[in-house]
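The chain contents come next:
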Amino acid sequence: MALLRRPLLLLLIVTHQFLQLWIAFGSVNEEGQKQEEFYEELLLKPLPDRKVLTHFHFQSSAPPTSNGRHHHLFPKAISQLVQKFRVKEMELSFTQGRWNYESWGGFDSIPSSNAKPPGVELWAVFDVPQHLIDPLWKNLTHTLSGLFCASINFLESSTAYSAPEWSFPLASGSLRYGTLPREAVCTENITPWLKLLPCRDKAGISTLLDRPSIYRGFYHSQRLHLTSTGSGSEGMDLGIMLEQTLTVVLQPISQRASLVRDSEKHIQPSWSLSSIFGKQVSGKCVLAETSNVYLLLDRGLVAELKQLHKENEKSIENSLTSENFWTNPSFELSAKPDRIFIEECSLLSKNSSVLYKFEVEKYSEFEPFDLGITWKIPIVWLCQQAPLHASRFLTGSGNERGAIAISLKSTQTTEGFMGAHSNDERCELRVDVFQVVPWYVKVYFHSLQVFVDQQPKAVSDIIEKIHISPSKDKVSPGVMELVLKLPCSMSSTALTIEFDKGFLHIDEYPPDANQGFDIPSAIVSFPNFHASMVFLESDSLNKSPLLSKFQEWSHVMSYTEVLLVPLTTPDFSMPYNVITITCTVFALYFGSLLNALRRRVAEEERFLKDKSAKKTGQLPLLLSKLSAKLRGRRSEPPHSSPVSSSFINSKLVFKVILIAGLAVCWQYYFL
């Protein structure tokens, strides 16, 4: 019987698992509904300052279905969040460090979409009536705070978020925007972010996400962007597109800067995946549709390589093919690319970037994927810059008033962006500025001044459109939205605006108040310029979400620095000193008072008599008892004199009166 039970039990287990798989996957294919999809991709890009840009891109999609509570790949927590709070579009980012626009570029798709301000940035668009947006925003911040183990719930206060009018073209009036510049980013935030992936960090490209390697980088930004499609009516749930990106700038450790000689300072360091992450890729995630790794050589690097090899190759600009670039003598790749894409030349740039594609699904644990690049010759190049370089700083001194200044300086490539009409008097460059100021920084918007090439200009001549929402004390922050029309021939522009520093209640100061108070980064965008890369073989790129994002036209934008404003800060040690002294005096007073009230005088006198008797010795006591027996009388202990008793009572009364007098004087003169 035992031999028959084992095969039967095994058959029941296999049948049960088969039924579960049939129910799970069969319910998805009913009624011709689309299945959920997941893509994982990694982009590697060498930077001019001897660093490497690594950009992880994961995309999950859930089509509109009638049973939205059941998901196979898509994270259920995100689906419930969208359904409950009616989120139409949302973006959340955790950033450590600041993107270096001068060295790492500011015109391509990565800085325009993935370069974020330090700390936490959150914006969301709601598909609800106007009066329900603020309550849903507060509930959303609490949900995200618990989901990502962060202090996002601080954005629930009306003093921490704003409602832009037209700086974000997504939805006017339905969008809420908030930032926490001082929020620290650590492994507690990236662990819940990784749990949203189907394979977590156990398989596929996500296995490269080594925590020490990520957090020792110069810049680290993890982003979550979701978009819901459909109306959700007639019993159909919303379709959701979830995009998770992680952008890290690392320094290769194979060749440290301290060991580089002067003759080799222009040679790029050789690196590989195992050297910068300490791991290799052992195949793709089995749930992913595609798993690819890309190596991007930007336009400036390709132009420099063409210039270096112009003498050896004839008419290289016309004969730039995949084979020629694969056999380039300037560098060597450790793995052969599966495909090579060349960008089409655009009107804004005569150069083209080159993209190498590596398919991870061809590799396994026995043959892991470890892409590396070895440079053979020194090379120096510059990344493509935005039309204007934006920076922000404070002016003035003291704890009473000051001014905020925004500086816009023309880059060297501005004339190329403007084209032949850059010298035309009618040529204008549009710049949008969005700035949020906390309520305790009381800005005087009428003091706005504009300087073009260090010459003062009328505000009406430069500012085409302006929207101002003054701050309210302890209610809402101040918001300023500007549309500038600058002449193309200008070299620098500065905006200044004055402010007064307010006073806070003692409960409103942060734990480290002496460090100062943060003003969030301002957003400077250029609507007339779009960052995109269009490749020659665009049909094969439709299956890649990352490259599809690169081909989309997105506004070129940049974030300014976070300002640190020192405010008048009270001496937090004084309340502590007063509390300690007061508690000490009251402890002495009540302790002495209770001791005096609960003291028993008769017992103390008896204790003193016994103590004095012990000091005199036992012989006198025995003699007194013997004489009492001889006389036939009872031995009695000696009585204390009334003088000593009255002395003790008067001393006790004097102590009580003295302590009460001290307490009254302290209460009257010092409190």
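Note that the coordinates shown come from a computational prediction; the quantities given were computed from them, not determined experimentally. Counting from 1, residues in each chain are numbered in the order their sequence is written. In view of the model being predicted, local features appear only for residues whose pLDDT reaches at least 70, and side-chain atom pairs are presented and counted only at 80 or more, with totals across whole chains, interfaces and linings using the full set of residues. Side-chain numbers here rest on the full set of heavy atoms in the structure, without hydrogens or water.

Caption draft 1: Summary view of the sheet that holds strand β25 (residues 554-559). Reading across the sheet, the five strands line up as β20-β21-β17-β24-β25 and stay open at both edges, with antiparallel pairing between neighbours. Two strands close off the open sheet at either side, each with one partner strand: β20 (463-469) and β25. Each strand axis lies, on average, 20° off the axis of its neighbour in the sheet, ignoring direction. Note: two strands are recorded as paired if DSSP finds a minimum of 2 bridges between them. Helix numbers and strand numbers start at the N terminus; a helix is a DSSP run of H or I with at least 4 residues, a strand a run of E with at least 2. In this sheet, strand β21 (residues 478-487) lies alongside strand β17 (residues 428-437) in antiparallel orientation, the contact comprising 10 bridges. Bridge pairing in β21 links V431 to L484. Think of each axis as a best-fit line through the C-alpha atoms, taken over the contacting stretch in the case of a helix, with angles from 0 to 180 degrees between the N-to-C directions.

Caption draft 2: Geometry of unusual backbone geometry. Backbone geometry places R86, a non-glycine residue, at a positive phi of 55°. Among the structural elements, R86 can be located in the loop between α2 (76-85) and β3 (87-96). R86 sits in the partly exposed class, given a relative accessible area of 25%. Working definition: with a 1.4 Å probe on protein chains only, accessible area under 20% of the residue-type maximum means buried, over 50% means exposed, and in between means partly exposed.

Caption draft 3: Highlighting the pattern of salt bridges. Just to be clear on terms, a salt bridge is a Lys or Arg side-chain nitrogen sitting within 4 Å of an Asp or Glu carboxyl oxygen. Tallying each qualifying case throughout the model produces 20 salt bridges. Two residues, K116 and E91, come together in a salt bridge whose shortest N-O distance is 2.5 Å. One end of the pair, K116, is in the loop between α4 (109-114) and β4 (119-126); the other, E91, is in strand β3, and 25 residues separate them in sequence. With respect to class, K116 is no different from E91; both count as buried. Shared partners join several salt bridges into a network, and the residues in it are E91, K116, E121, R223, E243 and K549.

Caption draft 4: Structural detail: the sheet that holds strand β14 (residues 372-375). Strands sit in the order β9-β14-β11 across an open sheet of three strands; the sheet is antiparallel. Two strands bound the open sheet, and with one partner strand each, they are β9 (271-272) and β11 (331-333). Note: β11 against β14, three bridges, orientation antiparallel. The residue bridging F331 from the neighbouring strand is W375, located in β14.

Caption draft 5: Highlighting the UniProt feature "transmembrane region" (unreviewed entry) in the protein chain. UniProt positions are given in the numbering used here, feature names are shortened, and annotations may be inferred rather than shown by experiment. Per the UniProt entry, the sites bearing "transmembrane region" (unreviewed entry) are residues 576-597 and 652-670 in this numbering. Helix makes up 100% of residues 576-597 and strand makes up 0%, while its end C-alpha atoms are separated by 31 Å.

Caption draft 6: Fine view of helix α6 (residues 187-194). For α6, the full list of buried residues reads N189, I190, P192, W193 and L194. Along its buried surface, α6 packs onto β2 (52-62), β3, α5 (133-148), α7 (211-215), β7 (219-229) and β8 (239-250). We call two residues in contact when some of their heavy atoms are within 4.5 Å.

Caption draft 7: Layout of the state of the cysteines. Cysteine sulfurs are considered disulfide-paired once they come within 2.5 Å of each other. Going through the model one piece at a time under the given rule, you end up with two disulfides. Of note for the protein chain: the bonded cysteines, numbered N- to C-terminal, pair according to 1-2, 3-4.

Caption draft 8: Focus on the side chain of S145. Summarising the element assignment, S145 is placed in helix α5. Classification of S145 as buried rests on a relative accessible area of 12%.

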